[in-house]
Amino acid sequence: QKLLTTMLPTPEEKHKIQEATICNPYLPLGSAEQFFMMLSSISELPARLKLWIFKLDYENMQKNIGVFSRLCRAYICSGNYLSAIDDWISTVSSVVGFTTILTPGH
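Predicted model, so just to flag it, every value in this text is computed and none were measured.

### Remarks on unusual backbone geometry
Positive phi values are uncommon outside glycine, yet E44 reaches one of about 55°. Its place among the elements puts E44 in the loop between α3 (31-41) and α4 (45-96).

### Description of the pattern of salt bridges
Tallying each qualifying case throughout the model produces 1 salt bridge. A salt bridge links E59 to K55; its shortest N-O distance comes to 2.9 Å. Of the two residues, E59 and K55 are both situated in helix α4; the distance of 4 residues between them amounts to about one turn of the helix.

### Regarding the packing of aromatic side chains
A full pass over the atoms with the stated rule returns 1 aromatic pair. Between F54 and Y58, the aromatic rings sit 6.0 Å apart at their centres with planes inclined by 25°, giving stacked as the arrangement. With a gap of 4 residues between them, F54 and Y58 both fall in helix α4, about one helical turn apart.

### Quick look at the layout of surface pockets
Approximately 150 Å³ is the volume found for the largest pocket. In terms of lining residues, the largest pocket is bounded by L8, P9, T10, P11, K14, L39, S40, I42, L45 and P46. Within the residue set of the lining of the largest pocket, elements represented by two or more residues are α2 (11-23), α3 and α4. Class assignment of the residues belonging to the lining of the largest pocket gives a composition of 7 nonpolar, 2 polar and 1 charged.

### Looking at the confidence of the model for the protein chain
Averaged over the protein chain, the pLDDT score is 82; the fraction of residues at 70 or greater is 87%. In the model of the protein chain, helix α1 (residues 2-6) stands out as the element of lowest mean pLDDT, 74, in contrast to α2, which has the highest, 90.

### Comments concerning the packing of α2 against α3
Two elements in contact, α2 and α3, have axes separated by 10 Å at closest approach and are oriented at 120°. The angle between α2 and α3 falls in the class oblique. Viewed along their axes, α2 and α3 form a crossing whose handedness is left-handed. Judged by residue contacts, E13, K14, I17 and Q18 of α2 engage E33, F36, M37 and S40 from α3. Looking at the contact of α2 with α3 residue by residue, the classes come out as 3 nonpolar, 2 polar and 3 charged.

Calculation rules
- Residues numbered from 1 in each chain as written.
- Predicted model: local features only at pLDDT ≥ 70, side-chain atom pairs only at ≥ 80, totals over all residues.
- Heavy atoms only, no water.
- Helix = DSSP H or I, 4+ residues; strand = E, 2+ residues; numbered from the N terminus.
- Salt bridge = Lys/Arg side-chain N within 4 Å of Asp/Glu carboxyl O.
- Phe/Tyr/Trp six-rings, centres within 6.5 Å; stacked < 30°, edge-to-face > 60°.
- 1 Å grid on protein atoms, 1.4 Å probe; cavity = no way out; pocket = protein on both sides within 12 Å on 5 of 7 lines; lining within 4 Å.
- Points joined across faces, edges and corners; volume = space filled by probe spheres on them.
- Nonpolar A, V, L, I, M, F, W, Y, C, P; charged D, E, K, R; others polar.
- pLDDT = per-residue confidence, 0-100.
- Axes fitted to C-alpha atoms, helices over the stretch in contact; angles between N-to-C directions.
- Parallel < 35°, antiparallel > 145°, perpendicular 65-115°, else oblique.
- Left-handed = near helix turned anticlockwise from the far one by under 90°.
- Contact = heavy atoms within 4.5 Å.

Structure follows, in structure tokens:
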């Protein structure tokens, strides 16, 4: 998509092709010149291309944000799960009576 924006004919190129067509009306244009003239005939083409590129970039950003959001949710859920397990272990150990603290070497 971005490559197409670099291929747009400049006003000078368009003018030279038009002059050549007027000077030699029976000489057919080459494929590159025909392509340039077709592109220059599309109204507001540079603005349309910029909008199209933005739309595609925006869709890709939305996908990336969605993936990032799911990763954050998974991270938070795993943290909550580990915290719940830690709370459960603390509760069980206090009920059972494990009050000794393990120190290195024991």
